[in-house]
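Summary of structural features
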Amino acid sequence: DPDFDRELALKVSMRSGDANDSSLVRFVGEGKLIGQLQHPAITPVYHLSQDDQGRWYYTMKKVRGRTLAASSSRTSLTATSTRSRTIESTSRPT
């Protein structure tokens, strides 16, 4: 973002067209919904628009750290181990 001298993440729809196409409706809706949310765990959306080729895109804060794939696999393992511990602790005789 040259106006604020910061790096942004850019999410671009794979399709071009108007916002009446069902996949584009979801994409634009996602951008609008996330743009309205304010929470420390949610990356803010700064801008939603269409490029010169008619593809929808939105810009958001660039977050450094693990990739989504790495975070997802770690979360899955954590959730599974937590669920196992919960089952163990609740199935013990009292």
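Residues numbered from 1 in each chain as written. Predicted model: local features only at pLDDT ≥ 70, side-chain atom pairs only at ≥ 80, totals over all residues. Heavy atoms only, no water.

Attention now goes to the pattern of salt bridges. Scanning the entire structure with this criterion turns up four salt bridges. For R64, the salt bridge goes to E7, with nearest N and O atoms at 2.9 Å. In this pair, R64 sits in the loop between β3 (55-61) and α2 (68-91) while E7 sits in the segment before β1 (8-16), placing the two residues 57 residues apart along the sequence. Each member of the pair, R64 as well as E7, is classed as exposed. Note that D51 is salt-bridged to R55, the shortest N-O span being 3.0 Å. By relative accessible area, which is 24% here, D51 ends up partly exposed. Under the relative-accessibility criterion, R55 is labelled partly exposed at 30%. (Salt bridge = Lys/Arg side-chain N within 4 Å of Asp/Glu carboxyl O. Helix = DSSP H or I, 4+ residues; strand = E, 2+ residues; numbered from the N terminus. Buried < 20%, exposed > 50% of the residue type's maximum accessible area, 1.4 Å probe, protein only.)

Once that is clear, we can look at the packing of aromatic side chains. Summed over all chains, the structure comprises one aromatic pair. For the ring pair F27 and Y58, a centre distance of 5.3 Å and an interplane angle of 40° mean the geometry is tilted. Taken together, the residues span a long stretch of sequence, with F27 in helix α1 (residues 22-36) and Y58 in strand β3 at a distance of 31 residues. Take F27: its relative accessible area is 9%, and that puts it in the buried class. A relative accessible area of 1% means that Y58 is categorised as buried. Stacked on the ring of Y46, the Lys or Arg R6 has its end atom at 4.1 Å from the ring centre. (Phe/Tyr/Trp six-rings, centres within 6.5 Å; stacked < 30°, edge-to-face > 60°. Lys NZ or Arg CZ within 6 Å of the ring centre and 35° of its normal.)

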